[in-house]
Amino acid sequence: MVTSACGSSAKRVSTAWHLAPEARALVADEQLEEQMYRALEAAATTGTDPGISGYHVRAATVVVHEGEEHVVVGGNTEYVVPEAIHGETSLLNHAANLFGAEATRASVRFVAFYSSGVCGAGGSCGDCRDYQIAKTDYENLLVVCGQASDGTVRVSRFADTLVPVERMPLVAVDALGLPEADVARLLEAATGARRGGIDLFTSAERHLGAAALSMGGRLYRAAGADDAAFHYRYPIGGVLQQAATEGDYHLRAVLVVGEPGTWPEISYRDRQYGFEFSSFNLEKNKPPVILIVGDGEGHYRVSTFEEALPEAFSTRSFMPDRVESFLEEHDGGSDGAE
Ligand SMILES: [Zn+2]
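Given the structure is predicted, the values throughout are model-derived calculations rather than measurements. (Residues numbered from 1 in each chain as written. Predicted model: local features only at pLDDT ≥ 70, side-chain atom pairs only at ≥ 80, totals over all residues. Heavy atoms only, no water.)

Thoughts on the sheet that holds strand S12 (residues 251–257)
Paired through backbone hydrogen bonds, the strands of a sheet run either parallel or antiparallel to each other.
And step 1. Spatially, S9-S14-S13-S12-S10-S11 is the arrangement adopted by the six strands of the open sheet, whose pairing is mixed. Across the chains shown, the open sheet's two edge strands, defined by having one partner strand only, are strand S9 (170–171) and strand S11 (219–223).
And step 2. The pairing of S9 with strand S14 (residues 300–304) spans two bridges and is antiparallel. Within S14, the position partnered with Val171 by the bridge is Tyr300.
And step 3. Those strands touched by helix H6 (residues 235–245) are strand S10 (209–214), S11 and S12, and its axis lies near 145° from that of S11. (Pairing = 2+ DSSP bridges. Helix = DSSP H or I, 4+ residues; strand = E, 2+ residues; numbered from the N terminus. Contact = heavy atoms within 4.5 Å. Axes fitted to C-alpha atoms, helices over the stretch in contact; angles between N-to-C directions.)

Structure below.
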C-alpha cells in the first residue's frame, strides 16, 4: 500500500506501485515518486471511449497551482472514420482548462499511463508528440507507465522519442541511396509543391513541400494546407494519400523542403504518416522509405521514418494479419518490381 502524503487531497491507493529499479535514476525525489503513484491511481479509473480500437489510453499527471498539487486525468475517445481524441492531448488540454497553460507548462513533470496488463514499448503517436512539445517543458518531461499486473512503474524520458531534423546525418547528394537524377526530380517536385498549398495561418518556416518516388517510378507531390478549423493537412500525409489513391503502396523515398536556406521542421504527425506507410514496405520485405530533407541550397540530410519516429506504432504493430491481407488484396501490379 502507498498512501499519498499530500494534505487534504491524501487518499489511499489500491495498487502497491513501485518503481522499476532502472527508473530510480530518473526519479530522484520522493515527492515526484509520490505524485506518479497518485496519478496512476487516478488514471486507473479514467473514463475512455475507444469504440473502434478497444484500446484504452488512461493518462494522468499532477499540476501545481497556487502552491497546491492537483491530479488531472485524460483519456482517449474515438469516432467515425476513425478519428480520435488522444489520452495525452486530452490530459494536457484538461490541465490547461483547469489551471491555465502556464501552470501546465511550468509544473507538469510527467505523463503517467495506467496499463491494466503489462506496459508496452510504444511512445506517443506523432501528433501527441507535437502537442507535448508545444505545451510542456518537454525536454524534462518524463513518461510513466504503471502496470497493474504487478505494480511495476516504468519511467523514461519523453525527449528520447524525439529526433530534431538538425540531428539527422548530413549526406552528400550521391550518398542518399538514390540515383542523383531521382533526387533532382524529387527536389524539383517538392520545391514546386511548396509554391502552392494553403498558408493563410501557417508561418513561412512551417510551410513545407513534399514529393515521393514510388518503387514503380511514379512521382507524387503535395504542400501543406491550413484552414479555419485548424484541421491541418500535412504535406507528407498528402503525398502518401495520393500514392495510396493510385494503389501505389511501396515508396522508395520522400523528400521534404521548406524555405530556401533552412531545414524544414518536419512535424511528428507527418512522420507518423510516413512510418505507417513504410511499414507496408517492411511487411513485403522491401527496404524502408528513405526520408530526405533538403535545405534548397544543395544540402541534404537523410533518415528513415523508423529512425525519425523512435518507439512508434503502426497498424502493423496491432494487426499484422490485417495489413498482410490488405496488401495481398491491393498490391496487384501497381508498384512494379524494385
Ligand atoms: Zn496520440
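Next, the rest of the story.
Topic: a nonpolar patch on the surface
And step 1. Together, Tyr79, Val80, Val81 and Ile85 make up an exposed nonpolar region whose accessible area comes to about 420 Å².
And step 2. By the secondary structure assignment, Val81 is in the loop between strand S4 (77–79) and strand S5 (83–85). (Patch = residues over 30% accessible without salt bridge, like charges linked within 9 Å, V, L, I, M, F, W, Y side chains within 5 Å. Areas by Shrake-Rupley, 256 points an atom, 1.4 Å probe, with all protein chains shown as cover. Salt bridge = Lys/Arg side-chain N within 4 Å of Asp/Glu carboxyl O.)

Let's talk about the pairing of strand S7 (residues 142–147)
Remark: a regular strand shows side chains that alternate across the two faces of the sheet.
And step 1. Burial analysis of S7 places five of its six residues in the buried class, which makes it a mostly covered element.
And step 2. Handedness of the strand S6 (residues 110–115)-helix H4 (residues 126–135)-S7 crossover: right-handed.
And step 3. In this structure, the hairpin formed by S7 and strand S8 (residues 152–157) is closed by a connection of four residues, where Gly151 is found at a positive phi of approximately 80°. (Buried < 20%, exposed > 50% of the residue type's maximum accessible area, 1.4 Å probe, protein only. Right-handed = clockwise from strand over helix to strand, strands pointing away.)

As far as function goes, none of this settles anything; it's purely spatial.
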